[in-house]
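Structural overview for review
For reference, the chains in residue letters:
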Amino acid sequence: MTNKNFNTFIDFGKSSIRASSFNKETNKVENQLVLKIKNNQSNNISSEEEVIEDLIFNLEKKNGEYVDEISLMVDNSNILLISLSIFKKNDQQMLNDNFLEYIADDAKFEINKNYPNHEIIHSIIKNFYLDEKKFSEIPKNLSHNKFAVEFNFFVYLKIFLENLRKIFAKQNVIIKKFIFSSYSKSIFYLNKISDQKKVILVDIGFEKTCAFFFENKKMQQFKILPIGGNHITKD
């Protein structure tokens, strides 16, 4: 594979598909495209394929190079949030980033074992606990008898993701990463708010609404409602 000059992100929405190509050297957006999805095209596989074909073709013209891999931002009302805590007793193991990665792998194994029809999109550390004390950041170099790490996992049905992979594969494009669009937007705006301990962010989409509750920059709760801007417009 030849070296590419751009990292490309595509936001696959219900009413439109947006694409942005970031220059790898400057990390700035150089090329953008937006294609509207008509009501009769939404949830129609052949129509969606036509829109994506048009998008990729025009983006390649703008970039001056082939688009062969992307990060895909997508929202779907079937998104599932799973919370899981991993408990460990004191075994003389210091808490550090390497050991935390080991615990995260343990948690992912449990999710994959118990939800075989789903695929993990985001792994999020919610809280740390040393004995009975709660921490929002990893507590290093502290003595403890037992500790726990509380995780949140966003997962999608594998069949939903596989259908998206097949659509883009027809354009010779590999999806290297899936991103839950509403969550990604909430993190972006959360980082713009530096002085608030507790924050609720609401994303009103085309046919759904997502709400995120953050405390100390950590997502604590998530709710999704099957009501969006399109329903309000119809009323």
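Rules behind the numbers
Residues numbered from 1 in each chain as written. Predicted model: local features only at pLDDT ≥ 70, side-chain atom pairs only at ≥ 80, totals over all residues. Heavy atoms only, no water. Core = buried A, V, L, I, M, F, W, Y, C linked by side-chain atoms within 4.5 Å. Buried < 20%, exposed > 50% of the residue type's maximum accessible area, 1.4 Å probe, protein only. Helix = DSSP H or I, 4+ residues; strand = E, 2+ residues; numbered from the N terminus. Contact = heavy atoms within 4.5 Å. Phe/Tyr/Trp six-rings, centres within 6.5 Å; stacked < 30°, edge-to-face > 60°. Pairing = 2+ DSSP bridges. Axes fitted to C-alpha atoms, helices over the stretch in contact; angles between N-to-C directions. Patch = residues over 30% accessible without salt bridge, like charges linked within 9 Å, V, L, I, M, F, W, Y side chains within 5 Å. Areas by Shrake-Rupley, 256 points an atom, 1.4 Å probe, with all protein chains shown as cover. Salt bridge = Lys/Arg side-chain N within 4 Å of Asp/Glu carboxyl O.

Quick look at the nonpolar core now. Within the largest apolar cluster, 38 residues are counted, with the highest numbers of intra-cluster contacts made by Ile10, Leu72, Phe154, Phe168, Phe180 and Phe212. When residues in this core are grouped by element, the largest group, five residues, is from helix 1 (residues 45-63). The contact partners of Ile10, leaving out residues within four places of it in the chain, are Ile17, Arg18, Ala19, Leu55, Ile56, Ile70, Ser71, Leu72, Met73 and Phe168. Core analysis: the second largest hydrophobic core is formed by 17 residues, Leu100, Ala107, Phe128 and Val155 among them.

Our next topic: the packing of aromatic side chains. With the rule as written, the count across this model stands at 14 aromatic pairs. Summarising the aromatic geometry, the rings of Phe154 and Phe222 are spaced 5.1 Å apart at their centres and angled 90 degrees between planes, so their arrangement reads as edge-to-face. Placement of Phe154 in strand 8 (residues 146-157) and of Phe222 in strand 12 (residues 218-225) is noted, with a sequence separation of 68 residues between them. Here the two residues Phe154 and Phe222 agree in accessibility, since each one is buried. With a centroid separation of 5.1 Å and an interplanar angle of 55 degrees, the aromatic rings of Tyr156 and Phe160 are classed as tilted. Taking the relative accessible area as the measure of exposure, Tyr156 reaches 1% and is therefore buried.

Before going further, it helps to examine the environment of Val51. Relative to the helices and strands, Val51 is located in helix 1. Taking relative accessible area as the criterion, Val51 reaches 8% and is therefore assigned buried. Considered as a pair, Val51 and Ile37 are 14 residues apart in the sequence and their alpha carbons are 7.6 Å apart.

A word on the sheet that holds strand 9 (residues 174-180). Strand order in this open sheet of five strands is 3-2-1-4-9, and the pairing throughout is mixed. Looking at the sheet topology across the chains shown, the edges are occupied by strand 3 (29-36) and strand 9. Between one strand and the next, the sheet's axes are offset by a mean angle of 20 degrees, whatever the strand orientation. Two strands pair when backbone bridges link them, and strand 4 (residues 69-74) and strand 9 are joined in this way by six bridges, in the parallel orientation. By the bridge assignment for strand 9, Met73 is matched with Ile179. Contacting strand 1 (6-12), strand 4 and strand 9, helix 3 (residues 158-169) runs over the sheet at an angle of about 135 degrees to strand 9. The strands that helix 4 (residues 181-190) touches are strand 1, strand 4 and strand 9; relative to strand 9, the one it contacts most, it runs at about 65 degrees.

Once that is clear, we can look at a nonpolar patch on the surface. Judged by side-chain polarity, Ile200, Val202 and Ile204 come together as a nonpolar surface patch covering roughly 320 Å² of accessible area. Residue placement: Ile204 occurs in strand 10 (residues 198-204).

On inspection of all chains with the given rule, the structure shows nine salt bridges. Lys4 serves as the salt-bridge partner of Asp68, at 3.8 Å between the closest nitrogen and oxygen. Pair noted here: Asp68 is in the loop between helix 1 and strand 4 and Lys4 is in the segment before strand 1, with a separation of 64 residues, a long-range link. There is no split in this pair, since Asp68 and Lys4 are both buried. The partner of Glu49 in a salt bridge is Lys170, and the shortest N-O contact between them spans 3.0 Å. One end of the pair, Glu49, is in helix 1; the other, Lys170, is in the loop between helix 3 and strand 9, and 121 residues separate them in sequence. Residue Lys170 is classed as exposed on the basis of its relative accessible area, which comes to 54%.

For Asn27, which is not glycine, the phi dihedral falls at a positive 60 degrees. Along the chain, Asn27 falls in the loop between strand 2 (16-23) and strand 3. Here Asn216, not a glycine, exhibits a phi torsion of approximately 55 degrees, which is positive. Classification of Asn216 by relative accessible area gives partly exposed; the value is 34%.

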